[in-house]
Each structure stands twice: as C-alpha cells, then as structure tokens.
Amino acid sequence: MRIEVGKKQKLQVVKRVEFGVYLAPEGSPEERVLLPARQVPAGCSVGDELEVFVYRDSKDRLISTTAQPALCVGDVAVLTVAQTGKVGAFLSWGLEKDLFLPFREQTRPVKVGESFPVALYVDKSGRLCATMKLYHYLRTDSPYQKDDRVTGYLYEISRQFGAFVAVDDKYSALIPPREMYGQLKAGERIEARVAAVHEDGKLDLSVRDKAYLMIGKDAERVMEAIGQSGGALPFNDKAAPELIRAKMQMSKNEFKRAVGHLLKEGRIEITQTGIRKK
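Worth saying up front: this structure is predicted, and the values here are computed from it rather than measured.

Asker: Explain the overall build of the protein residue by residue, including any values.
Answerer: In terms of regular secondary structure, the protein is built from 3 helices and 18 strands. Each principal axis of the C-alpha atoms in the protein carries an extent, and together these give about 90 × 40 × 30 Å. Relative to all contacts within the protein whose residues are 6 or more apart in sequence, the contacts with residues 24 or more apart total 53%. Carbon and sulfur atoms form 48% of the exposed surface of the protein, whose accessible area is close to 15,200 Å². Separation between the mean location of the 44 positive side-chain charges and that of the 37 negative ones in the protein comes to 6 Å.

As structure tokens, this is what we get:
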C-alpha cells in the first residue's frame, strides 16, 4: 500500500512531533505524510489509524487533512469559483488551499461566484487540478429510459459530435448535431428528452419533444416568422435543409410537418418562392 494523492485513505500514526503527527501506510513506515497539529484528533496516539485526504499544500509539499474535500480523484462535483488569475481559476472545495482549474482545462471562460461541475485529476507534476472536460469522468449507469425528461449541465460543444451534457451533473449524455436547436451554449443548464440509451449506458438527448407533440409549437413558430417577415417567408418547404435549420431552428421534415398543419387549417398558402399568411 502506498500514499495516494487526491484520495481518502486510512493511514497509521507512526510518530508524534510538536507540529503534528506523521502517518504511514501499514507495513511501510518509511513512507510518511504529515497531519498538522490542528488536524490531529484529541487523544490520538502512535499506532492509531486515521482516515485522511492527501494533497499538496501551497508550498507543493505532500500533506494530509481530516477535512472532507468535495471530491476525490476521478470524482465529479459542483464547485464554485473563488478567484481567477493569469494562469487559470481557483475553486472552493472544502480545503484551505483552493483547487486549481488551468485555462487549458476550461471549456469556456469562468467568473468568480460561478458554480459548475468539474472532475479532479492529478497532473504530470503530481499536483491536484480540476477540469471542466468531463467526458471521461461521467457515469454511464443512469436510471433513465427513452423519452424520460432530464436536466443537465451543458459543459462542451463540438461541431463534429454535438453538445456534451452532464445529466444530474454525473451521467454521460450527448445532444447529437441533428438534435441541436436554438442557441445552445456551454455553461448553461438545460432540460431535454432522452432520445436513446446506448448499450454502453450513455444517453442521447433531444431538446425537442416527439414530432406529434411539436407540430403545434412548430406551426406557431412558422406563423411568428411569417409575421416578422412582413407577412411572407422568402422560402418554402422545398428550401435546402441548411437554410431551414438556420432560419427556423428546425429540420426540413419538422418544417414540412408544421407547414402542412398550417395548410390544413387554412392559415397559409405556399407560393413558388415562399409562404404567405392568408
């Protein structure tokens, strides 16, 4: 057994000194870490076993604490920005030394007072750091099924893969590009529908309801767009899918369904170049 940075572990008191006690793994008394005097429980003696968290102090020295940090290595937790600086941000996490969030591990700029989920990892120099890039740390054992409604934190957006979401701040989910509508931004909390549950447990999400539930809403969106365009849209349901998505935040099929619904109601007419309000 070895002393592990960033984890809670049970270590044995092997020596008392004026400024605290030294702890070591059972069977490895030569590998020691200090527990400062203010952290030592009353009546603690050599041979006692204590559960501590091991990290590095402000002088980069290995140290232990009986305080309970918000997360251990590999965990995800919601933390608050305590301060920002030239090299990154610092997060409150229950210990005297704030947790460093490097610029390279930020998926967007952060501000003092903001709260969001991060994961804890050990960098190449053995220091504990936070990351907003949660993909490899999120769980895949969510209780959710297809069509369940969920809420989550949108932590990163990729043009190639879509929008990455931490459902309940802990489960791995993705809004694929085909399901990305509206102005989705990293850092916002969203409500979505589970579109699919993959074999590996990861979730696909949609910010839209099922088609039959959306027709009415989409139809009203079309009417609103017609009104904003002076009573006529300069394109119809035969327009390119890219144009429809850019202008209406709908797929071509969704737009056609909405237009068909309005036609049946007699509220619009389709021309060769657009759609007019009746």
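There is more to say after this.
Asker: Mind laying out the environment of valine 194, listing which residues take part and the relevant values?
Answerer: Looking at the element boundaries, valine 194 is found in strand E14 (residues 189–197). Expressed as a C-alpha distance, the spacing of valine 194 and lysine 238, which sit 44 residues apart in the sequence, is 30 Å. Sequence-distant contacts of valine 194, that is, excluding residues within four places in its chain, are made with Tyr144, Gln145, Lys146, Asp147, Asp148, Val150, Leu203, Asp204 and Leu205.

Asker: Pulling in residues and values, what's your account of the packing of aromatic side chains?
Answerer: Taken as a whole, this structure holds 7 aromatic pairs when the rule is applied. Where phenylalanine 53 meets tryptophan 93, the ring centres are 5.7 Å apart and the plane angle is 80 degrees; that geometry is what we call edge-to-face. On the criterion of sequence distance, the pair formed by phenylalanine 53 in strand E4 (residues 49–56) and tryptophan 93 in the loop between strand E7 (88–92) and strand E8 (99–102) is long-range, its members being 40 residues apart. Like phenylalanine 53, the residue tryptophan 93 is buried in the burial classification. With centroids separated by 5.7 Å and ring planes inclined at 80 degrees, the aromatic side chains of tyrosine 135 and phenylalanine 164 adopt a geometry described as edge-to-face. Pair noted here: tyrosine 135 is in the loop between strand E10 (128–131) and strand E11 (149–158) and phenylalanine 164 is in strand E12 (residues 162–167), with a separation of 29 residues, a long-range link. You can call phenylalanine 164 buried: its relative accessible area is 13%.

Asker: Requested: an account of the confidence of the model for the protein, with residues and values cited.
Answerer: With 97% of its residues at a pLDDT of at least 70, the protein reaches an overall mean of 88. Per-residue pLDDT, averaged within each element of the protein, yields its smallest value for helix H1 (residues 211–228) (74) and its largest for E7 (97).

Asker: Residues and numbers for unusual backbone geometry, please.
Answerer: The backbone of aspartate 60 sits at a positive phi, close to 65 degrees, despite the residue not being glycine. Within the secondary structure layout, aspartate 60 lies in the loop between E4 and strand E5 (62–65). Residue classification places aspartate 60 among the partly exposed residues on the basis of a relative accessible area of 37%. Although it is not a glycine, aspartate 147 sits at a positive phi angle of roughly 80 degrees. Its place among the elements puts aspartate 147 in the loop between E10 and E11.

Asker: Pulling in residues and values, what's your account of the pairing of E14?
Answerer: Bridge count for E11 against E14 is 5 bridges, and the pairing is antiparallel. Within the sheet, the bridge partner assigned to glycine 152 lies in E14 and is isoleucine 190. One ladder, built from 4 bridges, connects E14 with strand E15 (residues 203–206); its direction is antiparallel. Paired with alanine 196 across the bridge in E15 is aspartate 204. Between E14 and the antiparallel strand that follows it, E15, lie 5 residues; glycine 201 among them carries a positive phi value of about 95 degrees.

Asker: Give a detailed account of the pairing of strand E13 (residues 171–175), specifying residues and quantitative values.
Answerer: Among the 5 residues of E13, 5 are classified as buried, and the element is accordingly described as predominantly covered. The alternating pattern of E13 places Tyr171, Ala173 and Ile175 on one face and Ser172 and Leu174 on the opposite face, and all of these are buried. Where E12 meets E13, 5 bridges bridge the pair, whose relative direction is antiparallel. Counterpart to valine 165 in the pairing with E13 is alanine 173. Hairpin connection between E12 and E13: a loop of 3 residues separates the two successive antiparallel strands, and aspartate 168 in this loop has a positive phi of roughly 55 degrees. Direction of pairing for E13 relative to E15: parallel, over a ladder of 2 bridges. Opposite leucine 174, over in E15, you have aspartate 204 as the bridge partner.

Criteria and cut-off values
Residues numbered from 1 in each chain as written. Predicted model: local features only at pLDDT ≥ 70, side-chain atom pairs only at ≥ 80, totals over all residues. Heavy atoms only, no water. Helix = DSSP H or I, 4+ residues; strand = E, 2+ residues; numbered from the N terminus. Contact = heavy atoms within 4.5 Å. Areas by Shrake-Rupley, 256 points an atom, 1.4 Å probe, with all protein chains shown as cover. Lys, Arg positive; Asp, Glu negative; His and termini not counted. Charge placed at Lys NZ, Arg CZ, Asp CG, Glu CD. Phe/Tyr/Trp six-rings, centres within 6.5 Å; stacked < 30°, edge-to-face > 60°. Buried < 20%, exposed > 50% of the residue type's maximum accessible area, 1.4 Å probe, protein only. pLDDT = per-residue confidence, 0-100. Pairing = 2+ DSSP bridges.

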